[in-house]
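Here are the chains, one letter per residue:
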Amino acid sequence: MGKEKLAIAFSQNYDTDSAIKMISRNIKSSLGTQPISLALLFFTPRYQPMFIKETLSITLKSENIFAIQSPLLIFQNKIIKRGIVCCCLTKNNISVKSSFIKKTDVTDVEFLFKKNIISLKEKQRFLISSLGPQINVYNYLRGLSLAVGRNFNVFGAGFLKKYGIKNFLVVNNTIEEGLGSIILGGKFNIDNIKVGGFIPLGKKFTITKVALEKNRIIEIDKKPAGLIYKKYLGDKFDLFKKTSMCSFYPIGIKNNGNYNLIHIIDILRDDSLFCIGNIKEKTEAHIMIATQETLLKEVKNAVRYIKNDFDYDVAIIFNSLARRKILKNNADKEIQNLKGILGEKTKVIGLYCDYQIFPSDYIKEFTIGNYFLSMILLKYGDY
């Protein structure tokens, strides 16, 4: 008791205050009286963020609180539809810088992160962000690139819709929706894994015109971009547009044998594609498709990326709501398989979101994805 450097806990109590008190008791049983540097929480709507902050400040007295609201959570090998999950890191050799802004002007983002990065003296660092529906993800990424360069471990959970009255964030004493971030520095080993499972459909084409500031692909093969789907659907194209089925058929851009996926949110009236992802003109691409079998197979394949001789302390997962819709009843199986791969010693917490941001091994920029299961694998403390 009290020798652990990291602990996780979970509660489904309906009352926020009771849930946090239960979590605090379980954390203290593992960490004892050790001072806590960071309490990282994910919580479902209807829990009161004000009570989360106030109760935690009394029970755990964590130096930093970072809590993200999400419609679905992950704890160990289960998907949680209602509850609060928490991961606490002790102060042993770790530093935390937190920030919150309500709007994303490029210069504001650059200044904010540059200031926080400079103040962290540790060489090993990584960043976690949560982006609300009003946040322009491209402004965030441009400002971030100017502040830290593109050789940095950046992870983000983004939300395009409101899940509750607001998409609440708790960043220390701030309770609001917007852009919240924490940068961690210290003695730890960090790896990341991105699990896909989509395969190309049909012949490749060329993205010929984009409007990046509007998140749109305007033309494919010099024709209105949305018509690429009509090529395959024929008379069913209008129904396809009306029901927004395009979100299940992303556009994939191949890089070094892997596909970066563009999430197609909607086909607009002018047949341009409203999207989230790394879009560029004069790039070749495919329509992509996935089945439950291809997604589950890719989770099993992920074991080859995990260091078998290295016991991670915690895996923090940002999973895709679109991916879960494809998996349906097998969504639980995905998490169970993943926990089995990681092993008993690795604690698992996570959430579901509309899109993720993660570092890319294949292009010199941060990648935006919507169909992936992305993980931060952390070995914390002295090793």
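Okay, so let's go over this structure. (Residues numbered from 1 in each chain as written. Predicted model: local features only at pLDDT ≥ 70, side-chain atom pairs only at ≥ 80, totals over all residues. Heavy atoms only, no water.)

### Here we look at the packing of aromatic side chains
Just so we agree on the cut-off: What counts as a ring pair is set by centres within 6.5 Å for rings of Phe, Tyr and Trp (its six-membered ring), and what kind of pair is set by the plane angle: stacked under 30 degrees, edge-to-face over 60, tilted for all other angles. In DSSP terms, a helix is any run of H or I states spanning at least four residues, a strand is any run of E spanning at least two, and both are numbered starting from the N terminus. Only protein chains enter the accessibility calculation, which uses a 1.4 Å probe; a residue is then buried when its area is under 20% of its type maximum, exposed when over 50%, and partly exposed in between.
Summed over the entire model, instances satisfying the criterion amount to 10 aromatic pairs. Taking the centre distance of 5.4 Å and the plane angle of 85° together, the rings of F126 and F188 count as edge-to-face. Here F126 is found in strand 8 (residues 125-131), whereas its partner F188 is found in strand 13 (residues 188-195), with 62 residues between them in sequence. Here F126 and F188 have matching classes, each one buried. For the pair F159 and Y163, a centre-to-centre distance of 6.2 Å together with 70° between the ring planes defines the contact as edge-to-face. Each member of the pair F159 and Y163 is classed as buried. Taken together, the ring pairs connect F126, F155 and F188 into an aromatic cluster.

### Remarks on the sheet that holds strand 1 (residues 6-11)
Short version of the rule: At least two DSSP bridges between two strands are required for those strands to pair. Note on geometry: axes are C-alpha line fits, over the in-contact stretch for helices, and angles between N-to-C directions span 0 to 180 degrees. Any two residues whose heavy atoms approach within 4.5 Å at even a single point are treated as in contact.
On the basis of which strands lie adjacent, the open sheet formed by 6 strands has the order 1-6-2-3-10-11 and mixed pairing. Because the sheet does not close on itself, it has two edges, and the strands there are strand 1 and strand 11 (174-176). Here the strands of the sheet are splayed against their neighbours by 15° on average, with no regard to which way each runs. Lying over the sheet, helix 1 (residues 16-31) contacts strand 1, strand 2 (36-43) and strand 6 (84-90), oriented at roughly 155° with respect to strand 1. Sheet strands touched by helix 2 (residues 49-59): strand 2, strand 3 (64-69), strand 6, strand 10 (169-171) and strand 11. Its angle to strand 2, the strand with the most contacts, is close to 155°.

### Some points on the pattern of salt bridges
Operational definition: For this document, the term salt bridge refers to a Lys or Arg side-chain nitrogen within 4 Å of an Asp or Glu carboxyl oxygen.
By the definition in use, this model includes 10 salt bridges. Put simply, K102 and E176 hold a salt bridge, and the shortest N to O gap is 3.5 Å. With K102 in the loop between strand 7 (94-101) and helix 3 (106-119) and E176 in strand 11, this pair connects stretches of sequence that are 74 residues apart. With a shortest N-O distance of 3.0 Å, K114 and E110 are connected by a salt bridge. Taken as a pair, K114 and E110 lie in helix 3 at a separation of 4 residues, close to a single helical turn.

### Topic: the sheet that holds strand 21 (residues 314-320)
Read across the sheet, 6 strands follow the order 5-4-22-21-25-13 without closing on themselves; strand pairing throughout is mixed. Looking at strand neighbours, the two that pair on one side only are strand 5 (78-80) and strand 13, the edges of this open sheet. Here the average twist between neighbouring strands, direction ignored, is 20°. Summarising the sheet, strand 21 and strand 22 (residues 347-353) pair through 7 bridges and their orientation is parallel. Considered in strand 22, the bridge of A315 is made with V348. In the packing of helix 9 (residues 331-342) onto the sheet, the strands contacted are strand 4 (73-75), strand 5, strand 21, strand 22 and strand 25 (373-380), and the crossing angle to strand 25 comes to about 30°.

### Considerations on the environment of N92
Within the element layout of this structure, N92 appears in the loop between strand 6 and strand 7. Between the C-alpha atoms of N92 and Y47, which are 45 residues apart in sequence, the distance is 30 Å.

### A word on the packing of helix 7 (residues 292-301) against helix 9
Stated formally: Oblique is the label for every angle not falling under 35 degrees (roughly parallel), over 145 degrees (roughly antiparallel), or within 65 to 115 degrees (roughly perpendicular). Gly is put with the polar residues, along with every residue not named as nonpolar or charged; the nonpolar set is Ala, Val, Leu, Ile, Met, Phe, Trp, Tyr, Cys and Pro, and the charged set is Asp, Glu, Lys and Arg.
At a closest axis distance of 9 Å, the pairing of helix 7 and helix 9 adopts a crossing angle of 10°. Viewed along their axes, helix 7 and helix 9 adopt a mutual orientation that is roughly parallel. On helix 9, the residues touching L296, V299 and K300 of helix 7 are K333, E334, N337, L338 and I341. Grouping the constituent residues of the contact of helix 7 with helix 9 by class yields 4 nonpolar, 1 polar and 3 charged.

### Overview of empty space enclosed by the protein
Applied cut-off: In this analysis a 1.4 Å probe is tested at points of a 1 Å grid over the protein atoms alone, and where it fits but cannot get out there is a cavity; an open set with protein on both sides within 12 Å along at least five of seven lines is a pocket; lining residues have an atom within 4 Å of a point. Grid points are joined across faces, edges and corners, and a volume is the space filled by probe spheres set on the points.
If you walk through the whole model with that rule in mind, you get 2 cavities of 30 Å³ or more. A volume near 70 Å³ is recorded for the largest cavity. Every residue lining the largest cavity is listed: L6, L38, L40, C87, L89, F126, I128, I182, L184, V314, I316 and L378. Secondary-structure elements contributing two or more residues to the lining of the largest cavity are strand 2, strand 6, strand 8, strand 12 (179-186) and strand 21. When its residues are assigned to classes, the lining of the largest cavity shows 12 nonpolar, no polar and no charged. Roughly 40 Å³ of internal volume is contained in the second largest cavity. Every residue lining the second largest cavity is listed: I68, Q69, S130, L131, G132, F159, N167, F168, L169, E177 and G178. Elements represented by at least two residues in the lining of the second largest cavity include exactly strand 3 and strand 8. Each residue belonging to the lining of the second largest cavity can be placed in one class, and the counts come to 5 nonpolar, 5 polar and 1 charged.

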